[in-house]
Amino acid sequence: MKTQSTARPCKQVALLRFATAGSVDDGKSTLVGRLLYDTKSVLADQIEAVQRASVDRGLATPDLSLLVDGLRAEREQGITIDVAYRYFSTPTREFVLADTPGHVQYTRNTVTGASTAELAVLLVDARHGVVEQTRRHAAVLALLRVPRLVLCINKIDLVGYDEAVLTAIGKDFAELARSLGFESVVTIPVSALVGDNVVERSAHTPWYDGPTLLGHLESVPVTPPEADAPFRMPVQYVIREHASDYRGYAGQVASGTVRPGDEVVVLPGGTRTTVTGVDTADGPLEQAGAGRSVTIRLADDIDIARGDVLAAAGTPPRVTNELDATLCWLSDKALRPGARLLLKHGARTTQVIVGVLGDRLDTDTVSWADAPEQLAINDIARVSLRTADPLPVDDYADIRATGSFLLIDPPTGNTLAAGLVGTPLTLAG
Amino acid sequence: MTTPVLDALDALESEAIHIFREVAGEFDRPVILFSGGKDSTLLVHLAVKAFAPAPVPFPLLHVDTGHNYAEVIEFRDRIVAEKGLRLEVAHVQDWIDDGRLTERPDGTRNPLQTVPLLDTIVEKRHDAVFGGGRRDEERARAKERIMSLRDGFGRWDPRSQRPELWNLYNGRHAPGEHVRVFPISNWTELDVWRYIQRERIELPSIYYSHRREVFRRDGMWLAEGPWGGPRGTEVLEERTVRYRTVGDGSCTGAVESTATTLDEIIAEVTASRLTERGATRADDRLSEAAMEDRKREGYF
């Protein structure tokens, strides 16, 4: 019973969430500014504000990074501190861009931006090629399993639009990407400053026959890898309506598809039952896929509460108190073995004790190094964990939503770490 | 066996519903800020959808500056009644009458909302407060989390925000602290209008073009009212206008517009050369960091 406007049917427009990463001087803010500017997503009053602020700072030309750097401290220090979200759209697609700053707390910011991204744009400077920071960012993007990767070789105007430079850097990076497990990388030569191949095709690169950056963003498939995975849905809330004797389990489909008639298992309890309805406020659905918020009715009257997970009965997640996981440590407070923390997985928060620390990822060399005695901010390492409640988990490499968790500091409530079940990063060679 | 990719509006709706349900599951006394404006009306619509067929498990709160448009207050009360919701109103006037607040020389009451808001949060022990803020509105808001911790003074500290990962929201807070929640963070102004059209959401009439007596101040069309004006050389004249945002009458301007339908509004928003806040909100013009400074003090 969906209400549709009679005036004009709504056009179907897909949403692509993507992240940008790059080191400090690769021109990332300029690239983001260029995307916003050339898609006409920056409006006159914003441009005027940037022009005013640039004049106040004694700059000759408007500094497009001021469009992005919104906080007082960022403008005062001339740096980007925090992940910023930017929005633009074209007639065929809407974009949510997580702009992740490269230097301070780079792991924290890149992990945050990558965690919701279906695609990442990694920048390198054509004059410098693949550098240490590129390896670092690529390793984090690979660890977080961002499904698609684009390499933008920026500042090609500064190397005379030389095809050989692009080929050499592209080859270098392809090798790195392969060793990190990326199946394919799209490489685009751009100049964010001049606008070459960002939105408009450049006349300076006749040897390049690939898409512009925006052209690629508009045409890349947006289907998440979880669409074809087995069904999972953490139960967030139980909806009861007494007058109609309604009882449904509300949640957002984490992976796969659910239909009436499907056999599901309720975890960690293990009871099996059958889906009798997939409801929304607009009426029941024939099926619901990953990302959709629904309310599921079941055939049997079972005790189900917030935190339980509904899963495909034939291919359920494993239920365990012992987790081998990879942590991205995001806090100034160090982690030592034996720490007692909280763990949030899906809609459940439980106590956790940290066991032994395993190998640490050396992001400079992109290789596993010996286990550290403690974890400091920006460290990525393997760890074993024991939880108070059993958790239904999948490897992060298989299903991101049921393979991810937070570690939380009990006294302050702060988020300490991004956790990934298993070791999602396999290094070749 | 792949299902079709979600349309952008469906994806944004599902994200917002997920956020409402997380808060319902993890907090004891949430409240939705509801002014009758388009963003908070959208919030209420999404809250109803998140819990249907059961009722919305939270009350609504309006911090009423007393400088509101009559059409909006009438709309607010009608929506509350129609949807069977509960509304609390904190009147800024009460705070001025008993001396806890002082009227500003410029007559604007928008910044005066912060104290009644914080007092009400403390008095009613609200631990989660939903707002209709969007990240595309303003640069400081672009850095705001979907779930954003406020200390015992209601302050926002942009330097110590928790990282927000996947769709795992961390709403842990100490007694006396609370969390601001922004379910439509990722919506743009155009998304809001397209969704209002798709869902046929009713809005106060002042969002649509109408004739109104207005006067020019700081490049905006302001209406006559108890907030002062016209003053000095300002002259009242009748114009064809509509509102893009609805806030305190002293600082919310109308734009000249002939858009009487949602189609026309969407066409106008698409073609607009100014952001909605830049065009019609004097409170954001005070300084380069006006919004950040107000947010640090506990404003939305």
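None of these values were measured; they are calculated from a predicted model.

Criteria and thresholds
Residues numbered from 1 in each chain as written. Chains lettered and ligands numbered in written order. Predicted model: local features only at pLDDT ≥ 70, side-chain atom pairs only at ≥ 80, totals over all residues. Heavy atoms only, no water. Helix = DSSP H or I, 4+ residues; strand = E, 2+ residues; numbered from the N terminus. Buried < 20%, exposed > 50% of the residue type's maximum accessible area, 1.4 Å probe, protein only. Contact = heavy atoms within 4.5 Å. Core = buried A, V, L, I, M, F, W, Y, C linked by side-chain atoms within 4.5 Å. Expected span 1.5 Å × (residues − 1). Pairing = 2+ DSSP bridges. Axes fitted to C-alpha atoms, helices over the stretch in contact; angles between N-to-C directions. Arc of directions from axis to C-beta. Polar contact = N/O pair within 3.5 Å; in protein donor to acceptor, adjacent residues only side chain to side chain. Salt bridge = Lys/Arg side-chain N within 4 Å of Asp/Glu carboxyl O. Phe/Tyr/Trp six-rings, centres within 6.5 Å; stacked < 30°, edge-to-face > 60°. Lys, Arg positive; Asp, Glu negative; His and termini not counted.

Caption draft 1: Representation of the overall build of chain B. The helix and strand tally for chain B stands at nine helices and ten strands. A total of 300 residues make up chain B; the buried ones form 65% of that total. For chain B, long-range pairs separated by at least 24 residues make up 72% of all intrachain contacts whose partners lie at least 6 apart in sequence.

Caption draft 2: Representation of the nonpolar core in the model. Grouped together as the largest cluster of nonpolar side chains are 113 residues, with contacts concentrated most on A:Leu144, A:Phe173, A:Leu180, B:Phe20, B:Ile32 and B:Trp193. Looking at which element gives the most residues to this core, the answer is helix H1 (residues 8-26) of chain B, with ten residues. Once residues within four sequence positions are removed from consideration, A:Phe173 is found in contact with A:Leu122, A:Val130, A:Thr134, A:Ala138, A:Leu149, A:Leu151 and A:Val185.

Caption draft 3: Geometry of helix H2 (residues 38-51) of chain B. For H2(B), spanning 14 residues, the distance from its first C-alpha to its last is 21 Å, which sits close to the expected 20 Å at 1.5 Å a residue. Buried residues dominate H2(B), accounting for 13 of its 14 residues.

Caption draft 4: Representation of the sheet that holds strand S2 (residues 60-64) of chain B. All names here are of chain B. If you walk across this open sheet you meet the six strands as S3-S2-S1-S4-S6-S5, and the pairing is mixed. Since the sheet does not close on itself, it has two edges, and those belong to strand S3 (87-91) and strand S5 (147-150), each with one partner. Within this sheet the neighbouring strands show an average axis-to-axis angle of 30 degrees, counted without direction. Pairing analysis gives two bridges linking strand S1 (residues 30-33) to S2, with the strands arranged parallel.

Caption draft 5: Local environment of helix H7 (residues 262-271) of chain B. All names here are of chain B. By the burial criterion, the buried members of H7 are Leu262, Ile265, Ile266 and Val269. All buried residues of H7 fall inside an arc of 100 degrees around its axis, so they share one side. In this structure, the buried side of H7 is in contact with helix H6 (189-199) and strand S9 (237-243).

Caption draft 6: Region of interest: the side chain of B:His18. Its place among the elements puts B:His18 in helix H1. Separated by 3.2 Å, the side chains of B:His18 and A:Gln252 make a polar contact. Residues within four places of B:His18 in sequence aside, it is in contact with A:Gln236, A:Gln252, A:Ser293, B:Asn167 and B:Tyr169.

Caption draft 7: Just the sheet that holds strand S2 (residues 84-90) of chain A, in detail. Strand order across the open sheet formed by six strands is S2-S3-S1-S4-S5-S6 (chain A), with mixed pairing between neighbours. Looking at strand neighbours, the two that pair on one side only are S2 and strand S6 (185-189) of chain A, the edges of this open sheet. Across the sheet, the axes of successive neighbouring strands diverge by a mean angle of 25 degrees, strand direction being ignored. Both strand S1 (residues 14-22) of chain A and strand S4 (residues 119-125) of chain A contribute to a ladder of five bridges, which runs parallel. The residue of S4(A) that forms the bridge with A:Ala21 is A:Leu122. Across the sheet, H1(B) touches S1 and strand S3 (93-99) of chain A, and the angle it forms with S1(A) is around 75 degrees.

Caption draft 8: Spatial organisation of the pattern of salt bridges. Scanning all chains against the criterion turns up 49 salt bridges over all chains. Note that A:Lys344 and B:Glu26 form a salt bridge whose closest N and O atoms lie 3.4 Å from each other. Remark: B:Glu26 occurs in helix H1 and A:Lys344 occurs in strand S18 (residues 340-345); the pair is interchain, linking two chains. One continuous salt-bridge network, built from bridges that share partners, spans A:Asp282, B:Asp7, B:Asp10, B:Glu13, B:Lys49, B:Arg198 and B:Glu199.

Caption draft 9: Summary view of the environment of A:Arg108. Examined against the element boundaries, A:Arg108 turns out to sit in helix H4 (residues 106-115). Here the alpha-carbon distance between A:Arg108 and A:Val140, two residues 32 residues apart in the chain, equals 10.0 Å. Those residues within four positions of A:Arg108 in sequence are excluded, and the remaining contacts are A:Leu330, A:Asn378, B:Arg145, B:Gln161, B:Arg162 and B:Pro163. Among the polar contacts listed, one links the side chain of A:Arg108 to the backbone oxygen of B:Gln161, at a separation of 2.5 Å.

Caption draft 10: How the structure looks around the packing of aromatic side chains. Residue and element names in this part refer to chain B. Within this structure, the stated rule accounts for twelve aromatic pairs over all chains. Ring centres of Phe20 and Phe58 lie 6.4 Å apart, and the angle between their planes is 25 degrees; this geometry places the pair in the stacked category. On the criterion of sequence distance, the pair formed by Phe20 in helix H1 and Phe58 in the loop between H2 and S2 is long-range, its members being 38 residues apart. The exposure class of Phe20 is buried, given its relative accessible area of 0%. Take Phe58: its relative accessible area is 2%, and that puts it in the buried class. A ring pair is formed by Phe58 and Phe130, whose centres lie 5.2 Å apart and whose planes are at 45 degrees; its orientation type is tilted. Highlighted residues: Phe58 in the loop between H2 and S2 and Phe130 in strand S4 (residues 128-130), separated in sequence by 72 residues.

Caption draft 11: Structural view of the side chain of B:Asp191. One can find B:Asp191 in helix H6. Of the side chains bearing the opposite charge, B:Arg194 lies closest to the buried B:Asp191, which forms no salt bridge; the N-O distance is 4.3 Å. Separated by 2.9 Å, the side chain of B:Asp191 and the backbone nitrogen of B:Thr188 make a polar contact. Those residues in contact with B:Asp191 that sit more than four places away from it in its chain are A:Glu94, B:Leu9, B:Leu12 and B:Asn186.

Function cannot be inferred from these measures alone, as they are strictly geometric.
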